[in-house]
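# Examination of the molecular architecture
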Amino acid sequence: MPLEAEGEPTIDRITLTGLSATGFHGVFPEERREGQTFVVDVVLELDLDTRSDDLASTVNYAEIAEAVEAVITGEPRNLIETVAGEIADRCLTHGKVGTVTVTVHKPMAPLSQTFADVSVTISRSRHV
């Protein structure tokens, strides 16, 4: 693991912001029937080899994007917390990822109040 001058490990990140797809998640019948747009942000923490310039030495973010889309468009879940957990689990299957932070936005949540977004953010680590 690369070290900074003070002896602390470096933390490198790959960030995917605003991945969106239509999903059918929610507890209300109309959410399951009509679907809605979900937007996901993913932050992967890992040690990056910035000298190799080889895709094999990092995480292919196209694969991460495909996994995120597969969860959003996949089996309907009641809670976006569950959706976030499934995305995190898939990201952690990539051996180089040590920690992942996932935010699932539900900007069309069925609320009667005026709002900009509803979201849940979770962080998971393989080192726990």
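Another point: the side chain of K106. In this fold, K106 is placed in the loop between strand 3 (99-105) and strand 4 (119-125). A relative accessible area of 9% places K106 in the buried class. In contact with K106, not counting residues within four places along its chain, are H25, G26, E31, Q36, F38, I80, F115, D117 and V118.

Next up on the list: helix 2 (residues 61-73). Each α-helix turn comprises 3.6 residues. Residues three or four places apart therefore point the same way. Spanning 13 residues, helix 2 covers 18 Å between terminal C-alpha atoms, matching the ideal 18 Å at 1.5 Å per step. Among the residues making up helix 2, those that are buried are I64, A67, V68, V71 and I72. Down the axis, helix 2 shows its buried residues gathered within 135° of arc, on one side only. Backbone nitrogen of A62 and a side-chain oxygen of the N-cap are separated by 2.9 Å at the start of helix 2; the cap is N60.

Ranked by internal contacts, the top residues of the largest apolar core, which has 26 residues, are V42, L44, I87, V100, V102 and V104. Residue assignment for this core shows that the elements contributing at least two residues are strand 1 (12-23), strand 2 (36-46), helix 2, helix 3 (80-92), strand 3 and strand 4. Ranked by residues supplied to this core, first place goes to helix 3 with 7 residues. With residues near it in sequence (within four places) discarded, V104 still touches F38, V39, V40, I80, V83, A84, I87, V118, S119 and V120.

Our focus in this paragraph is the environment of I72. Here I72 lies in helix 2. Of the residues examined, I72 reaches a relative accessible area of 1% and is grouped as buried. With 53 residues separating them along the chain, I72 and L19 place their C-alpha atoms 9.7 Å apart. Setting aside its immediate chain neighbours within four residues, I72 contacts L19, A21, T22, G23, F24, H25, F38 and V40.

Together, V27, F28 and L79 make up an exposed nonpolar region whose accessible area comes to about 260 Å². Take F28: it is sitting in the loop between strand 1 and helix 1 (29-34). With a relative accessible area of 39%, F28 lands in the partly exposed category.

Most of strand 2 sits out of view: 8 of its 11 residues are buried. Summarising the sheet, strand 1 and strand 2 pair through 10 bridges and their orientation is antiparallel. Bridging from a neighbouring strand, R13 pairs with E45 of strand 2. Across 7 bridges, strand 2 lies against strand 3 in antiparallel orientation. Paired with D41 across the two strands is T103, which belongs to strand 3.

Conventions adopted
Residues numbered from 1 in each chain as written. Predicted model: local features only at pLDDT ≥ 70, side-chain atom pairs only at ≥ 80, totals over all residues. Heavy atoms only, no water. Helix = DSSP H or I, 4+ residues; strand = E, 2+ residues; numbered from the N terminus. Buried < 20%, exposed > 50% of the residue type's maximum accessible area, 1.4 Å probe, protein only. Contact = heavy atoms within 4.5 Å. Expected span 1.5 Å × (residues − 1). Arc of directions from axis to C-beta. Polar contact = N/O pair within 3.5 Å; in protein donor to acceptor, adjacent residues only side chain to side chain. Core = buried A, V, L, I, M, F, W, Y, C linked by side-chain atoms within 4.5 Å. Patch = residues over 30% accessible without salt bridge, like charges linked within 9 Å, V, L, I, M, F, W, Y side chains within 5 Å. Areas by Shrake-Rupley, 256 points an atom, 1.4 Å probe, with all protein chains shown as cover. Salt bridge = Lys/Arg side-chain N within 4 Å of Asp/Glu carboxyl O. Pairing = 2+ DSSP bridges.

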